[in-house]
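The primary structure of each chain is shown beneath.
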Amino acid sequence: MPAHILLSTAKPDRPTFHYYHLPQTLLNIKVYQEGFPPDATYRVETAFVVHPDPDHRYYLVYQNRGNTHDKLKINFANGYLQSIESTRIDKTLDIIEDIVDLAKDAATGGVVDRSVDGPLLDRTVDPFDEEVIAELVKEIQGVIPDFSLSFGSTRKSDIPDSTLDLSKPQGGILCRARELCKLTYTLDGSPVEVLAYVPHKKLVHLVEIPHAKFSESKVNITFDEYGYPTLIDVDQPSWMENFSQKVSGLLRGIFELPTSLLQFRVNLTDRRVETLEQMEQTKARMKVLEEKVKKQEAASEEQKP
């Protein structure tokens, strides 16, 4: 018998509901050149972009149970879950985007300042991928030799790896938690730090949808615009109390059963006695009728010549 009303599976190998994605955080970095070498100066713009992760798409599987009455309302928007068992969409957490501009005027004697139209370099990469970051830094160092960049969580301890086996169906909703991260880059010897509260690649966890046996459970979950819970409302009565009430009613019925049977027997006996009395009365009436018939026949014989 299914233990969960909804499963999340990466493999749509059975009939499913709609799918949802986990969010993926990407770093967009632009390098602008102002002026021309050897007097050129550079500025850097950074922004975090969150979009549905194509490698983390999960299909919802509804598990029906023959002994339950289920009602499900699920809302989706832009590839993410928005609400479960509720039509309300609550967007209370917004992604924090920090854009840092660093500009320096070129000091030249008689040289006209000019800027190159558009960014010299525009890349969007996975900031959690160290190899990708190393390649990006190497590319930027081709223009700005002393450039450096690092990205990671602000927590002091290491982030533990998730123990969920995402290749197997999971009983509930998968979410990617946010983490306060720090982006640090160096330009012209000056370090710049940017803090961002973004979905972390490693922080995947499971949000269960609890339900109690022998009772009516109500669960309402609303999500932010990137599919992370902002409200979880659970109305789940004590299944033991409900179970004890149903069992006591059942036992009461069992205890009352012999009395009902006895009453049935008494009623049946009364009906039998009543039937026998009616039969005796019928026999008596038939006997009286037979005697009347005999008297009439005798009288007729006497009247004959």
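Structure: see above.
Draft legend 1. The environment of C181, seen in detail. Note that C181 resides in strand β8 (residues 173–187). Linking C181 and T154, residues 27 residues apart in sequence, is a C-alpha distance of 5.2 Å. Non-local contacts of C181, meaning those with residues more than four positions away in its chain, are made with F128, F151, G152, S153, T154, V194, L195, A196, V198 and H200.

Draft legend 2. Spatial organisation of the nonpolar core. I140, F147 and L149 are the most contacted members of the largest nonpolar core, which has 26 residues in total. For this core, the elements supplying multiple residues, two or more each, are β2 (19–34), β3 (41–62), β6 (121–125), α1 (130–141), β7 (148–153), β8 and β9 (190–207). Residue contacts for L149: discarding those within four places in its chain leaves L27, I29, I133, V137, L183, T184 and Y185. Membership of the second largest hydrophobic core comes to 18 residues, among which are L6, V204, I209 and F223.

Draft legend 3. Up close: the sheet that holds β9. Spatially, three strands are ordered β7-β8-β9 in an open sheet, and the strand pairing comes out antiparallel. Each edge of the open sheet carries a strand with a single partner, namely β7 and β9. Neighbour to neighbour, the strand axes of the sheet diverge by 20 degrees on average, direction disregarded. In this structure, β7 lies alongside β8, joined through six bridges in antiparallel fashion.

Draft legend 4. Structural detail: unusual backbone geometry. One non-glycine residue, N78, adopts positive backbone phi at about 55 degrees. For N78, the position within the fold is in the loop between β4 (74–77) and β5 (80–84). Phi at D188 takes a positive value of approximately 55 degrees, unusual for a residue other than glycine. Take D188: it is sitting in the loop between β8 and β9. Here D188 falls in the partly exposed class, since its relative accessible area comes to 37%.

Draft legend 5. Broad picture of the sheet that holds strand β10 (residues 218–223). The strand order across the open sheet formed by four strands is β4-β5-β10-β11, and the pairing between neighbours is antiparallel. Looking at which strands have only one partner, the edges of the open sheet turn out to be β4 and β11 (229–235). Here the strands of the sheet are splayed against their neighbours by 20 degrees on average, with no regard to which way each runs. Examined bridge by bridge, β10 and β11 share six bridges and lie antiparallel to one another. Looking at the pairing, N220 lines up with D233 of β11.

Draft legend 6. Geometry of a nonpolar patch on the surface. Residues L180, L195 and Y197 make up a contiguous nonpolar surface patch of about 240 Å² in total accessible area. Relative to the helices and strands, Y197 resides in strand β9. With relative accessibility at 33%, the residue Y197 sits in the partly exposed group.

Draft legend 7. The packing of aromatic side chains, seen in detail. A full pass over the atoms with the stated rule returns seven aromatic pairs. With centroids separated by 5.6 Å and ring planes inclined at 65 degrees, the aromatic side chains of Y19 and Y59 adopt a geometry described as edge-to-face. Pair noted here: Y19 is in strand β2 and Y59 is in strand β3, with a separation of 40 residues, a long-range link. With relative accessibility at 17%, the residue Y59 sits in the buried group. Pairing F128 with F151 gives two aromatic rings, centres 5.3 Å apart and planes at 80 degrees, and the pair type is edge-to-face. With a gap of 23 residues between them, F128 in the loop between β6 and α1 and F151 in strand β7 connect regions that are remote in the sequence. Each member of the pair, F128 as well as F151, is classed as buried. These aromatic residues form a ring-pair network of at least three members: F48, F128 and F151. The ring centre of Y32 lies 4.0 Å from the NZ or CZ of R43, which sits over that ring. Directly above the ring of Y19 sits R57, whose terminal nitrogen or CZ lies 4.5 Å from the centroid.

Draft legend 8. Spotlight on α1. Relative to the 16 Å expected for twelve residues at 1.5 Å per residue, α1 spans 16 Å between its end C-alpha atoms, a close match to the ideal helical length. Residues I133, L136, V137 and I140 constitute the buried set of α1. Down the axis of α1, the buried set is contained in an arc of 100 degrees. They therefore lie on one face. Looking at α1, the residues exposed on the side facing more than 90 degrees away from the buried face are E131, E135 and K138. Its side-chain oxygen placed 3.1 Å from the backbone nitrogen of E131, D129 serves as the N-cap of α1.

Draft legend 9. Just the pairing of β8, in detail. With 13 of 15 residues buried, β8 lies mostly within the body of the structure. Summarising the sheet, β8 and β9 pair through 14 bridges and their orientation is antiparallel. From the neighbouring strand, T184 faces β9, where its bridge partner is E193. In sequence, β8 turns back onto β9 through a hairpin of two residues, with D188 there showing a positive phi of about 55 degrees.

Rules of the game
- Residues numbered from 1 in each chain as written.
- Predicted model: local features only at pLDDT ≥ 70, side-chain atom pairs only at ≥ 80, totals over all residues.
- Heavy atoms only, no water.
- Helix = DSSP H or I, 4+ residues; strand = E, 2+ residues; numbered from the N terminus.
- Contact = heavy atoms within 4.5 Å.
- Core = buried A, V, L, I, M, F, W, Y, C linked by side-chain atoms within 4.5 Å.
- Buried < 20%, exposed > 50% of the residue type's maximum accessible area, 1.4 Å probe, protein only.
- Pairing = 2+ DSSP bridges.
- Axes fitted to C-alpha atoms, helices over the stretch in contact; angles between N-to-C directions.
- Patch = residues over 30% accessible without salt bridge, like charges linked within 9 Å, V, L, I, M, F, W, Y side chains within 5 Å.
- Areas by Shrake-Rupley, 256 points an atom, 1.4 Å probe, with all protein chains shown as cover.
- Salt bridge = Lys/Arg side-chain N within 4 Å of Asp/Glu carboxyl O.
- Phe/Tyr/Trp six-rings, centres within 6.5 Å; stacked < 30°, edge-to-face > 60°.
- Lys NZ or Arg CZ within 6 Å of the ring centre and 35° of its normal.
- Expected span 1.5 Å × (residues − 1).
- Arc of directions from axis to C-beta.
- Polar contact = N/O pair within 3.5 Å; in protein donor to acceptor, adjacent residues only side chain to side chain.

Don't take any of this as a statement about function, it's just geometry.
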